[in-house]
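# Remarks on the overall topology
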Amino acid sequence: MFASRRGALAALLLLCCCCFAPNAAVAELADKLRDDSELSQGTAKTFRRIMPVRFYSLLEQNPVANATLALRSCTIFVPTNEAFQRYKGTAQVLYHMTTAAFSQSQLKTSVTSDMEGNPPLYITNGRNGDIYVNNARIIPSLSVELTNREGKRQVMHIIDEVLEPLTAKSSSTEMNNMDAMQFMRVADQLNLGNRTLRTYRTQVTMAKKESLFESPGFHTFLVPIDEGFKHSTRSGLVDAKVIDGHVIPNTVIFTAASEHDEPKTSAAFEDQIKVTVSFFKQKDGKMYVKSNTFLGDAKHKEGVVLAEIVKANIPIKNGVVHLIHRPLMIIDTTVTQFLQFLTDNGENGALRKFYEVIMDAGGGVLEGINNLSEVTILAPSNEAWNISSIDNIVRDRKKMTDILNMHIIKDRLNVEKIRQKNANLIAQVPTVNNRTFLYFNVRGEGADTVVTVEGGGVNATVLQADVAQTNGFVHIIDRVLGVPHTTVLGKLQTDPMMSDTYRMGQFSHFNDQLNNTLRRYTYFVPRDKAWQKTELDYPSAHKKLFMRDFYYHSKNLLERHLVIADHAYTMKELVQMSLTDTVVLQTFRDSLKVKIEEEAGHLHDEYASHEWTEYVILWNYKKINVYRPDVECTNGIIHVIDAPLLEEKDIVVSGG
C-alpha cells in the first residue's frame, strides 16, 4: 500500500544527502531507500519543492532525532518550504517527532511529542476530511511509510505549518507540560510577545475558578490580555459565570481547523444562563471569537460580544489557549464607544473603514448616534467599501451623510425582535434618514438563520448579528446600503418582494431589456403581496397572467409599468411635477397619466414612535400606495407599489 510513498521518501532523503554530510542514522535511512525504483519523476519534483533544507539540517544536527531514526519507530511531521518561509521563529525538531509510527488513519485525539516538558500534539479531523496536527494540516497525498534497518516502522507526514511549542523567554525557566492555570501563572516568563495576563488571572483566583483551568482533558481556553481591561470598570464585571463563558469544555479548537461561525457550548451553559462561543475569520486574515449569551440574567445581558484573537493556538497540557484582546460576555460600552474604539484602542478592526467614513462626513452622524438612548447600527464591513461606485459618493458629504443615516435605526433591534416584526411578511423599519425604510427578511432557525436587509436599492446579508452594546445592537453587513451596484434586472432577480413581477416578465423575455445600462428606467413594480390580492379579487385573470401561454397579456400589462426616458424619476420629483397638472410619463408602449401625492406617515409600536413621508399614486380613479419608493439601481429607479396598474380590459383575458 505504501510502496510508492517509500520511494518518494527515498528520493527525498537522497536529495537532501547530496547537500549535507549526514551522520550514520540518516545515511543508513537514505541507503535503505536509495534502491527503491518505484519513485515517479513527478513525485520527486513535488518532494524537492516542498521539503525544506532547513528542516533536514535541523534534523541532521539533533542527536536525539538521529537516535530515534536509527533505533526506534517514529512519526515525523515535516513542514513545507512555504511554511518555513512564513515562520519567524526557530523550529523545534523534536516537537515535530513522536516515538511511535502513525499513519493518517491511526492518528487519534493526541500524540506525545519528543520535546521534553511540552504538551501533546493534538489531532483534529476537519469537516471536509482534512487531518490537523495542532494548527497544521496534513497534506494527504504526501505521507510516506518505511522500515529502518532495525525493522522499526517509520512514517513521515508533510504539513502546511511549522508546529510551534510553548517556549520560555529564558533557558533557565523550566517547562513542565503545564496546564491552563500554570500557564497563566508563569505567562510573564513565556514568549507571548508583550502580552500579559495578570488581570484575568487575578479574577480567576478571586472567583475560585482555578479548578476549571486545572481540569484534565481536552479543552479550549480563551484568555483576555491585560490591554482588554483598560475600561475602568471592566475587570469588576468578570465573575464566575463570565469565566465559565471563556472555556469550551471537552473540545480542542485550533483556528485552522475551526468550523466557521459554528457555535460551541461553553462552560456557562445551564438553566439560568446559556452562552455559546464560535470562531470566524475576516477576509483580511484576522481571526475573531464571539460569545453569544442567548439566555442571560440581570448581570449577564443577552447578545454577542466580539474579540480579536491576538495570539492563537498555544498548546498546553489540557488543551489549547487563545489570547484575546478583550473579555467575552461583558457588555459595557455604548454603540458610540464601540465605534470610537476602532481608532482609540485598535479594537473592532472589522469596522475600521465604517468609522473612518463617519468621521470624514463630519461630527453630525456620530453625535446623532450618541444622542439616541436606543439605537441599532447596520455597519458595513471593511470589504463592503471596496467598490468603485462609492468613491465619488464619499466626496459628497451631504450624500454620504444621508447614506450613513440609512444605516441607523432608532430602535433596539436584535434578530429575535426583527423576526417578531416580520410576522410572516418582510419587516419594514424606518431609519434616521426619514425618507428611507429598511426591509428585513429572516430565514431559517438557530445556527442556520440568515438575515438580509434592503435599503436604498441594495440587498445586504448580515454577516454578524446582535453585537450587543449597553444602548443597542450592531449588525455587521456585507454591503453599503444606498449605493446601487446592480441593474433593474439584477434587483428584480434578487429581491424577495418582487419575485412575482420578475417571474411574469420572464414569460415574454420582457425582463431582458432591464439590463441595458445605456437607458434610464422608472419601473413601478407591484410587490408580491399586490399580486396575491389580485388573485383573491380576480382569480381567473391572475391565473392566466402567470401562464406562459398568455404571455402577450402579461407583457402588455408590464409595459404600462415601465417608464423609459433620459432620466429616472424619484418620488420627490414626481410630487413636484404633480403640483401643476397630471404627470404624463412615456412608457414602453404608450403613456402613463398619474398624479403623486405625499402624506405624513406615523407608526407607534412597542419599540418607538416614528414619522416619515408616504406617497400615493392617483391613477384611473384609484389610489395606490407606494410601499417602497426610490429603490435605486445602476440604470434606473424602482418604486414598489401595493397594487398593479390594472385596467378593466386586463381582467378579461382570452386565449389567442
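In this text, all values refer to a predicted model and were calculated from it rather than measured experimentally.

Cut-offs applied
- Residues numbered from 1 in each chain as written.
- Predicted model: local features only at pLDDT ≥ 70, side-chain atom pairs only at ≥ 80, totals over all residues.
- Heavy atoms only, no water.
- Pairing = 2+ DSSP bridges.
- Helix = DSSP H or I, 4+ residues; strand = E, 2+ residues; numbered from the N terminus.
- Buried < 20%, exposed > 50% of the residue type's maximum accessible area, 1.4 Å probe, protein only.
- pLDDT = per-residue confidence, 0-100.
- Contact = heavy atoms within 4.5 Å.
- Phe/Tyr/Trp six-rings, centres within 6.5 Å; stacked < 30°, edge-to-face > 60°.
- Lys NZ or Arg CZ within 6 Å of the ring centre and 35° of its normal.
- Polar contact = N/O pair within 3.5 Å; in protein donor to acceptor, adjacent residues only side chain to side chain.
- Salt bridge = Lys/Arg side-chain N within 4 Å of Asp/Glu carboxyl O.
- Arc of directions from axis to C-beta.

With that settled, consider the sheet that holds strand E3 (residues 110-111). Spatial strand order, E3-E4-E5-E6: four strands in an open sheet with antiparallel pairing. Looking at which strands have only one partner, the edges of the open sheet turn out to be E3 and strand E6 (136-137).

Further remarks concern the pairing of strand E29 (residues 636-641). In terms of burial, E29 is a largely internal element, six of the six residues being buried. Residues Gly636, Ile638 and Val640 line one face of E29 and the alternating positions Ile637, His639 and Ile641 line the opposite face, and both faces are buried. Bridge count between strand E23 (residues 520-526) and E29: six bridges; the pairing is parallel. Counterpart to Pro526 in the pairing with E29 is Ile641. Pairing of strand E28 (residues 622-633) with E29 involves five bridges; the strand directions are antiparallel. Paired with Val626 across the strands is Ile641, a residue of E29. If you look at the hairpin formed by E28 and E29, you'll find two residues sitting between the two strands.

On to the confidence of the model for the chain, then. Per-residue confidence for the chain averages 84 on the pLDDT scale, and 87% of its residues sit at or above 70. Within the model, pLDDT remains below 50 along residues 25-44, and this stretch shows 36 contacts once partners closer than five positions in the same chain are excluded. The low-confidence segment residues 344-348, where pLDDT is below 50, has 11 contacts with residues more than four positions distant or belonging to other chains.

Inspection of the secondary structure puts Asn250 in the loop between strand E10 (247-248) and strand E11 (264-269). Of the residues examined, Asn250 reaches a relative accessible area of 63% and is grouped as exposed. Separated by 15 residues in the primary sequence, Asn250 and Thr265 place their C-alpha atoms 9.9 Å from one another. Not counting chain neighbours up to four residues away, the residues in contact with Asn250 comprise Phe218 and His219.

Attention now moves to the packing of aromatic side chains. Inspection of the entire model under this criterion finds 11 aromatic pairs. On the basis of an interplanar angle of 15° and a centroid distance of 5.5 Å, the ring pair of Phe280 and Tyr288 is categorised as stacked. Classification of Phe280 by relative accessible area gives buried; the value is 8%. Stacked on the ring of Tyr627, the Lys or Arg Arg527 has its end atom at 3.7 Å from the ring centre.

To continue, consider the side chain of Thr75. Among the structural elements, Thr75 can be located in strand E1 (residues 74-79). The class of Thr75 is buried, set by a relative accessible area of 0%. At 2.8 Å, the side chain of Thr75 forms a polar contact with the backbone nitrogen of Phe102.

The subject of this paragraph is unusual backbone geometry. A positive phi angle, near 60°, is found at Asn313, a position not held by glycine. Checked against the element boundaries, Asn313 lands in strand E14 (residues 303-316). Classification of Asn313 by relative accessible area gives buried; the value is 15%. If you check the backbone angles, Met329 has positive phi at about 70° while not being a glycine. Tracing the backbone shows Met329 in the loop between strand E15 (319-324) and helix H11 (335-344).

Let us now look at the sheet that holds strand E8 (residues 153-159). The strands making up a sheet associate through hydrogen bonds between their backbones, and the pairing can be parallel or antiparallel. Read across the sheet, four strands follow the order E2-E1-E8-E7 without closing on themselves; strand pairing throughout is mixed. Two strands bound the open sheet, and with one partner strand each, they are strand E2 (97-98) and strand E7 (144-147). Note: E1 against E2, two bridges, orientation antiparallel. Its bridge partner lying in E2, Thr75 is registered against Thr98.

Summarising the sheet, strand E18 (residues 427-430) and strand E19 (residues 437-443) pair through four bridges and their orientation is antiparallel. Considered in E19, the bridge of Gln428 is made with Tyr439. Connecting E18 to the next strand, E19, in antiparallel fashion are six residues.

When you line up the elements, Val640 lands in strand E29. Along the primary structure Val640 and Tyr627 are separated by 13 residues, whereas in three dimensions their C-alpha atoms are 5.5 Å apart. Apart from the residues lying within four places of it in its own chain, the contact partners of Val640 are Met497, Met498, Val525, Arg527, Val626, Tyr627, Arg628 and Val631.

Any two side chains of opposite charge can pair, so long as their charged atoms come close to each other. This model, assessed by the stated rule, comprises 27 salt bridges. Linking Asp261 and Lys290 is a salt bridge whose minimum nitrogen-to-oxygen distance equals 2.8 Å. Remark: Lys290 occurs in strand E13 (residues 287-295) and Asp261 occurs in the loop between E10 and E11; sequence separation between them is 29 residues. Among the residues examined, Asp261 registers a relative accessible area of 25% and is labelled partly exposed. Across the salt bridge formed by Arg419 and Glu445, the nearest N and O atoms sit 3.4 Å from each other. You can see Arg419 sitting in helix H16 (residues 415-422) and its partner Glu445 sitting in the loop between E19 and strand E20 (450-455), a full 26 residues away along the chain. Exposure remark for Glu445: the relative accessible area of 57% places this residue in the exposed category.

What follows covers the environment of Gly446. Along the chain, the position of Gly446 falls in the loop between E19 and E20. Classification of Gly446 as exposed rests on a relative accessible area of 59%. Sequence separation between Gly446 and Pro263 is 183 residues, and the spatial gap between their C-alpha atoms is 9.7 Å.

Regarding helix H8 (residues 198-206), the residues found buried are Tyr200, Arg201, Gln203 and Val204. In an axial view of H8, the angular spread of the buried residues amounts to 160°, which keeps them on one side of the axis. Contacts from the buried residues of H8 go to helix H7 (180-185), helix H9 (210-214), strand E9 (219-224) and helix H10 (240-244). At the exit of H8 stands Lys208, carrying a positive phi of roughly 55°.

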